[in-house]
Each structure stands twice: as structure tokens, then as C-alpha cells.
Amino acid sequence: TAEAWDGGSIDPNYPNVAWDIDSDDDNQLMVEAVAIMQYMADKYDITEMTFETTVIPGAYASARGRDIEFAERYASDPGRLASSYAEEVILGFANPLGSCSPMQAIIIHEVAHVMNNMQARQPSNYLDTLTPAAHEYELLSGYSFHEDGSLNGPEALAEAVSAVECGTANELEHAIAALVGV
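In this report, the structure presented in the accompanying data block is examined.

Here we look at the packing of helix H4 (residues 102-117) against helix H5 (residues 153-166)
Packing of H4 against H5 leaves a shortest axis separation of 8 Å and a crossing angle of 125°. In this view, H4 runs oblique relative to H5, as classed from their interaxial angle. Remark: the crossing between H4 and H5 carries right-handed chirality. Where H4 approaches H5, its residues Ala105, Ile108, His109, Ala112, His113 and Asn116 are matched on the opposing element by Pro154, Glu155, Leu157, Ala158, Glu159, Val161, Ser162, Glu165 and Cys166. For the contact of H4 with H5, the class distribution of residues is eight nonpolar, four polar and three charged.

In C-alpha cells, the structure reads:
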């Protein structure tokens, strides 16, 4: 069952998500995060995940195993989150939002890492089985690549799942997301 934090205003009807959230975090933003995690848990049969806010330098969020951490600097400031994400979309680093809010797109991305981590043979290691033409990789967000330009499998997979769920995916992103059943 879900665990509420000290502030206690999050709906307790999220049976697959336990959370630990600071009292200075924006309640509406945190409810949105936990709700999208539960949506993904229900849709893709994920039995347990945790969510907490913490200090994460240089990133919105991080996933390890079934644990998702969200950066405190964005958790308390929805305006900062929206403007930062919008800038990354303009630069081609992040996918367009489509039907998602920035928080939803980020949390879906992190849940995709959880889905990848749940597999004994992580699907992100098998992107080469899709054999797209080299120019097709240009269809992926900039976050899908390492600094040297090589494909970053786990990030490409997470970005693809987010694009599919947010309604902005191209054919290659659909194929990549299908590796984890999306």
C-alpha cells in the first residue's frame, strides 16, 4: 500500500506506488507524478515502485531498479520545470509534449527505465535488432545519444516510451517502445 509523507494530502488510492516527498514540494505536481506512476503501473502490470524527491545535479529525475527520484529544485517549482522542459524541446534534446505535461513526460520516461530494469535481459541492450538505417536515428530526441553521438540504449528506450504514451512517437520510437511491450 502507498505511504503518505508528513504533509499527507496525496490520495491514498495508489496501491503500487510508495512515496517520500518533502513538505515544501508542490502538492499538485507531486500528485500528478504519483498518479502517472500508478497509471503506468496499472497499464503495464508493474507491482511496485517508489518515488521520492531528492538532490539530483543536472537532471530532472533518475531511476534505479524500481525507485524513481525526482529533483527537488523542480519539485517545488512547476514554472521552473515547465520552462526548462520547453527549452529542451526547442533544442531537440527532449521530445515534444503532445498530450502530456512536462511532469508526465518525465515520469513516463523514468517508469520506462523501471520497465527496462525489470527484465532479466534488458531490452535496451537489443536496439540493434531493429536495424534502422543510420539516418533514421535522427528521428530520436537528442537525449537518446551519448555525448560522442553514439546511441544510448536505455535513454532511447525511455524517450520512445514517453513519446508513445504522450502521442508524439514516430515509427522508429514505436518499434523501440515495443521492446518493453508498449
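Considerations on the sheet that holds strand S4 (residues 67-71)
Taken in spatial order, the four strands line up as S1-S2-S4-S3 in an open sheet, and their pairing is mixed. Strands with a single pairing partner mark the edges of an open sheet, and in this sheet they are strand S1 (17-20) and strand S3 (61-64). Across the sheet, the mean angle separating the axes of adjacent strands is 20° when strand polarity is ignored. In terms of strand pairing, S3 meets S4 through four bridges, oriented antiparallel. Bridge pairing in S4 places Arg64 opposite Asp67. With respect to the sheet, helix H1 (residues 27-44) is in contact with S1, strand S2 (49-54) and S4, its orientation differing from that of S2 by roughly 155°.

Brief notes about the state of the cysteines
In the structure shown here, the tally under the stated rule is one disulfide. The disulfide partner of Cys100 is Cys166, and the gap between their sulfur atoms is 2.1 Å. When the S-S torsion is -100°, as for the bridge of Cys100 with Cys166, the disulfide is left-handed. Of the two residues, Cys100 sits in the loop between helix H3 (78-90) and H4 while Cys166 sits in helix H5, which places them 66 residues apart along the sequence. Taken as a pair, Cys100 and Cys166 share a single burial class, namely buried.

A few points about H1
With 18 residues, H1 should reach 26 Å at 1.5 Å per residue; the first-to-last C-alpha distance of 26 Å fits that figure. All of the buried residues in H1 are Leu29, Met30, Ala33, Val34, Ile36, Met37, Gln38, Met40, Ala41 and Tyr44. At the exit of H1 stands Asp45, carrying a positive phi of roughly 55°.

Some remarks on the nonpolar core
Core analysis: the biggest nonpolar cluster contains 51 residues, and Phe51, Ile68, Phe70, Ile107 and Val111 have the highest contact counts within it. Residues in contact with Ile68, not counting those within four places in the same chain, are Met37, Met49, Thr50, Phe51, Glu52, Ser62, Ala63, Ile107, Glu110, Val111 and Val114.

Comments concerning the packing of H1 against H4
The interhelical angle for the contact between H1 and H4, taken along N-to-C directions, is 40°, at an axis separation of 9 Å. Considering their axes alone, H1 and H4 lie oblique with respect to each other. For the element pair H1 and H4, the recorded crossing hand is right-handed. Where H1 abuts H4, its residues Leu29, Met30, Glu32, Ala33, Ile36, Met37, Met40 and Tyr44 lie against Met103, Gln104, Ile107, Ile108, Val111 and Met115. The class makeup of the residues in the contact of H1 with H4 is 12 nonpolar, one polar and one charged.

Quick word on the layout of surface pockets
Here the largest pocket defines a volume of roughly 220 Å³. Lining the largest pocket we find 17 residues, and of these Tyr60, Glu88, Phe93, Ile106 and Tyr143 sit closest to its centre. Secondary structure elements with two or more residues in the lining of the largest pocket: helix H2 (72-75), H3 and H4. Of the residues belonging to the lining of the largest pocket, the class tally is 10 nonpolar, three polar and four charged.

So, how was this worked out
- Numbers given for residues are sequential positions, taken from 1 along each chain in its written order.
- Per-residue local features are limited, in this predicted model, to residues with pLDDT of at least 70; the limit for side-chain atom pairs, both in listing and counting, is 80 or more; totals at the level of whole chains, interfaces and linings are taken over all residues.
- Hydrogens and waters are ignored; side-chain quantities use all the structure's heavy atoms.
- For every element, the axis is a line fit to its C-alpha atoms; helices are fit only across the contacting stretch, and the angle between N-to-C directions ranges from 0 to 180 degrees.
- A run of H or I in DSSP becomes a helix once it reaches four residues, and a run of E becomes a strand once it reaches two; helices and strands are each numbered from the N terminus.
- Oblique is the label for every angle not falling under 35 degrees (roughly parallel), over 145 degrees (roughly antiparallel), or within 65 to 115 degrees (roughly perpendicular).
- Less than a right angle of anticlockwise turn of the near helix away from the far helix marks a crossing as left-handed, whereas a clockwise turn marks it as right-handed.
- The contact criterion used throughout is that any non-hydrogen atoms of two residues lie within 4.5 Å.
- Residues are grouped as follows: Ala, Val, Leu, Ile, Met, Phe, Trp, Tyr, Cys and Pro are nonpolar; Asp, Glu, Lys and Arg are charged; every other residue, Gly included, is polar.
- When DSSP finds two or more bridges between two strands, those strands count as paired.
- Disulfides are defined as cysteine sulfur pairs within 2.5 Å.
- Burial status follows relative accessibility: with a 1.4 Å probe on protein chains alone, a residue under 20% of its type maximum counts as buried, one over 50% as exposed, and anything between as partly exposed.
- Here the expected length of a helix is defined as 1.5 Å per residue gap, with one fewer gap than residues.
- As used in this record, nonpolar core signifies buried Ala, Val, Leu, Ile, Met, Phe, Trp, Tyr and Cys residues forming a set joined through side-chain atoms within 4.5 Å.
- Think of a 1 Å grid over the protein atoms and nothing else: a 1.4 Å probe that fits but is trapped marks a cavity, an open set flanked by protein within 12 Å on at least five of seven lines marks a pocket, and residues with an atom within 4 Å of a point count as lining.
- Grid points are joined across faces, edges and corners, and a volume is the space filled by probe spheres set on the points.

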